[in-house]
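Secondary and tertiary structure notes
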Amino acid sequence: MKPILVTGATGNVGSQVVAQLRARDVPVRPLSRNPPPDGVRGDLAKPETIAPALDGVDTVFLMLSGSAEALVTTVSLLGERVKRVVFLSSGAVDDSLTEQVNPIGAWHRVVEEAIEAAGVEWTFLRPHGFAANTLGWAPSIRADGVVRGAYGEASMPLIHEKDMAAVAVEALTGEGHAGAKYALTGTRAMTQIEQVRIIGEAAGRPARWEEIPLEEARAALLTKMPDFVVDTMLTGMRGLVTEPGPVTSTVQDVTGRAGLDFEVWAAEHAAAFR
């Protein structure tokens, strides 16, 4: 059996893809800029560093890190060397549009289009809100149990990284997934206020949301992320106040098991918030 190349192998999702493939006794070649001891070093923005990792590989788990345009060159290389690519894209991509309005959707769609043109068998995973994004609240919850932000009533179904990986593993190892665009979500929508409360309960300490002015919230986010990401995210949050994010059954449909609730994620990551 040929090994599967897993990019971003030390990240939240990539590390789960590696672990779940190994649990099935599937050979894995983890790739990262800072790889584990049994992995290989490579930078997706530098195709020359990826080429050696493709020896003997015909299936790749791909994710976007950094410039979409830089990754397009790597995708061209994959088109020459491999047969199947499973790409961790974004739920922000809207197939009803010829030109993406959402900057995050446009960023990922550039790579999707390159994969489609590369002549490989492909599957796109399009997750919506990541449960792991709430790890950004850990410092403030540890400090005083308060998360300060805008749009606390924004409601979305956050997905566990284990569920994203489980769908990826099915697409990497099974048949019938070619050309699929899988919209991935958690099991139910909940507000940011609820998310903070659930995390506090899991961590064994009170935690609450504190609404702050939008400009104050934006300024805080700009210390961590580019402006186009921050503005897109805040605009999305505003919409989720009145229209909660939809819930899909894709995890259940593809894996045959129910998706993991946010409470499960919070319990598994409780130590980060203590």
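Provided above is the structure to which this section pertains.
A few points on the structure. (Residues numbered from 1 in each chain as written. Predicted model: local features only at pLDDT ≥ 70, side-chain atom pairs only at ≥ 80, totals over all residues. Heavy atoms only, no water.)

With that out of the way, let us pick up the packing of helix H8 (residues 214–222) against helix H9 (residues 227–242). Where H8 contacts H9, the axes come no closer than 9 Å and their chain directions differ by 140°. Our classification of the angle between H8 and H9 gives oblique. Helix-helix and strand crossings are classified by hand; for H8 and H9 the assignment is right-handed. Packed against H8, whose contacting residues are Leu214, Arg218, Leu221 and Leu222, the element H9 presents Asp227, Val230, Asp231, Met233 and Leu234 at the interface. Residue composition of the contact of H8 with H9, grouped by class: 6 nonpolar, no polar and 3 charged. (Axes fitted to C-alpha atoms, helices over the stretch in contact; angles between N-to-C directions. Helix = DSSP H or I, 4+ residues; strand = E, 2+ residues; numbered from the N terminus. Parallel < 35°, antiparallel > 145°, perpendicular 65-115°, else oblique. Left-handed = near helix turned anticlockwise from the far one by under 90°. Contact = heavy atoms within 4.5 Å. Nonpolar A, V, L, I, M, F, W, Y, C, P; charged D, E, K, R; others polar.)

This paragraph deals with the pattern of salt bridges. A side chain of one charge can pair with a side chain of the opposite charge when the charged atoms of the two come close. Within this structure, the stated rule accounts for 21 salt bridges. Note that Asp95 and Lys181 form a salt bridge whose closest N and O atoms lie 3.5 Å from each other. Here Asp95 is found in the loop between strand E5 (84–88) and helix H4 (103–117), whereas its partner Lys181 is found in strand E9 (residues 181–184), with 86 residues between them in sequence. Judged by relative accessible area, Asp95 falls into the partly exposed class, the value being 43%. A salt bridge links Glu112 to Arg126; the nearest nitrogen and oxygen atoms lie 2.8 Å apart. Here Glu112 is found in helix H4, whereas its partner Arg126 is found in strand E6 (residues 121–127), with 14 residues between them in sequence. In this pair, the class of Glu112 matches that of Arg126, namely buried. (Salt bridge = Lys/Arg side-chain N within 4 Å of Asp/Glu carboxyl O. Buried < 20%, exposed > 50% of the residue type's maximum accessible area, 1.4 Å probe, protein only.)

Okay, the sheet that holds E9 next. Taken in spatial order, the 7 strands make up an open sheet running E3-E2-E1-E4-E5-E6-E9, and their pairing is parallel. Single-partner strands in this sheet number two, and they are strand E3 (40–41) and E9. Bridging between strand E1 (residues 4–6) and strand E4 (residues 59–63) involves 3 bridges; their strand directions are parallel. In the sheet register, Ile4 faces E4, and the bridge partner there is Thr59. Against the sheet, helix H3 (residues 68–81) engages E4 and E5, with an angle of about 170° to E4. (Pairing = 2+ DSSP bridges.)

Below, the discussion takes up the packing of helix H1 (residues 12–23) against helix H6 (residues 161–173). Packing of H1 against H6 leaves a shortest axis separation of 8 Å and a crossing angle of 55°. Taken together, the axes of H1 and H6 are oblique relative to one another. The handedness of the crossing between H1 and H6 is right-handed. Residues Asn12, Val13, Gln16, Val17, Gln20 and Leu21 of H1 form the contact with H6, whose participating residues are Glu161, Lys162, Met164, Ala165, Ala166, Ala168, Val169, Leu172 and Thr173.

So, about unusual backbone geometry. Unlike most non-glycine residues, Asp25 shows phi in positive territory, near 60°. Within the secondary structure layout, Asp25 lies in the loop between H1 and strand E2 (28–32). With relative accessibility at 66%, the residue Asp25 sits in the exposed group.

Attention now goes to the packing of aromatic side chains. For the coordinates displayed, the defined rule picks out 6 aromatic pairs. The interplanar angle of 90° and the centroid separation of 6.1 Å between the aromatic rings of Trp107 and Phe228 together place this pair among those described as edge-to-face. Here Phe228 lies in helix H9 and Trp107 lies in helix H4, a separation of 121 residues in the sequence. Residue classification places Trp107 among the partly exposed residues on the basis of a relative accessible area of 28%. Given a relative accessible area of 32%, Phe228 falls into the partly exposed group. Ring geometry for Trp137 and Trp209: centres 6.0 Å apart, planes at 70°, overall edge-to-face. With Trp137 in the loop between E6 and helix H5 (138–144) and Trp209 in strand E11 (residues 208–211), this pair connects stretches of sequence that are 72 residues apart. On the accessibility criterion, Trp209 (12% relative accessible area) is buried. The structure contains a cluster of three or more aromatic residues connected by ring pairs, namely Phe87, Trp122 and Phe124. (Phe/Tyr/Trp six-rings, centres within 6.5 Å; stacked < 30°, edge-to-face > 60°.)

Membership of the largest hydrophobic core comes to 29 residues, with the highest contact counts inside it found for Trp137, Ile141, Ile199, Phe262, Trp265 and Phe273. Residue assignment for this core shows that the elements contributing at least two residues are H5, helix H7 (192–203), H8, H9 and helix H11 (262–268). Each residue touching Trp137, except ones within four places of it in the same chain, is listed here: Val147, Gln192, Gln195, Val196, Ile199, Trp209 and Phe273. The next biggest cluster of nonpolar side chains, apart from the first, holds 27 residues, and it includes Ile4, Ala9, Val26 and Val86. (Core = buried A, V, L, I, M, F, W, Y, C linked by side-chain atoms within 4.5 Å.)

Before going further, it helps to spend a moment on the side chain of Thr185. By the element assignment, Thr185 lies in the loop between E9 and strand E10 (190–191). Looking at Thr185, its side chain comes within polar contact range of the main-chain nitrogen of Thr248, at 2.9 Å. The residues contacting Thr185, other than those within four sequence positions of it, are His128, Pro157, Ile159, Pro246, Val247, Thr248 and Val251. (Polar contact = N/O pair within 3.5 Å; in protein donor to acceptor, adjacent residues only side chain to side chain.)

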